[in-house]
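# Observations on chain architecture
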Amino acid sequence: MLREWGDFDVPYLRGLFDAADVAANTDIPSPFDAAAFLARIRRRRAQRVVDLAVTRDGGEPLGLVALHVAGGVLGYAIGPAHRGRGLASRSLRRMTDFCHEELGFSRLRLAIVRGNVPSQGVARSAGYVRGDDALVERVNGLGESKLLETWWWTAPGSTGR
């Protein structure tokens, strides 16, 4: 289940996002600051970026999925204690289906840090394929420059353009 973030999530946030690999593979800053994270989510909403909490039953957050509405770009991060259970794959598939069926996207994109094998597996399991696009350089949550691969999902029967 996906839901909005709220102040009631603060006790869980450090356990989800204060991890070296989260900062290395996303733009979530380290050291992690829960109040700044929630403020960022609210600020991003105004910029048409939707960040949702990944949960099992609408309760405790286990990770996040994000949609940059203008560009059809999705992202995800699951807390270290909750990995290996298919949460990222199911959440990405759910968001992909929603973006296609409800918002009319025929093509969606992921930007994955080169060498992030677990994230590549999530992308494949949700029907995304590595594009031949040039690598994109981005600064991660640790302030390091990383190269991103582009992964694409295209609706069945669509050219995606």
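Everything below is about the structure printed above this text.
Calculation rules
- Residues numbered from 1 in each chain as written.
- Predicted model: local features only at pLDDT ≥ 70, side-chain atom pairs only at ≥ 80, totals over all residues.
- Heavy atoms only, no water.
- Helix = DSSP H or I, 4+ residues; strand = E, 2+ residues; numbered from the N terminus.
- Expected span 1.5 Å × (residues − 1).
- Buried < 20%, exposed > 50% of the residue type's maximum accessible area, 1.4 Å probe, protein only.
- Patch = residues over 30% accessible without salt bridge, like charges linked within 9 Å, V, L, I, M, F, W, Y side chains within 5 Å.
- Areas by Shrake-Rupley, 256 points an atom, 1.4 Å probe, with all protein chains shown as cover.
- Salt bridge = Lys/Arg side-chain N within 4 Å of Asp/Glu carboxyl O.
- Lys, Arg positive; Asp, Glu negative; His and termini not counted.
- Charge placed at Lys NZ, Arg CZ, Asp CG, Glu CD.

### Comments concerning helix H4 (residues 87–101)
- If you check H4, its first and last C-alpha atoms are 21 Å apart, about what 15 residues at 1.5 Å a residue would give, namely 21 Å.
- Buried within H4 we find Leu87, Ala88, Ser89, Ser91, Leu92, Met95, Thr96 and Cys99.

### Points about a positive patch on the surface
- Together, Arg56, Arg85, Arg90 and Arg93 give the surface a local cluster of positive charge.
- Along the polypeptide, arginine 56 turns up in the loop between strand E2 (49–54) and strand E3 (63–68).

### Focus: the pattern of salt bridges
- By the definition in use, this model includes 8 salt bridges.
- Residue arginine 45 pairs with glutamate 4 through a salt bridge whose shortest N-O separation is 2.8 Å. You can see arginine 45 sitting in helix H3 (residues 34–46) and its partner glutamate 4 sitting in the loop between strand E1 (2–3) and helix H1 (10–17), a full 41 residues away along the chain.
- Between aspartate 18 and arginine 14 there is a salt bridge whose closest N-O contact spans 3.0 Å.
- Under the relative-accessibility criterion, aspartate 18 is labelled partly exposed at 36%.

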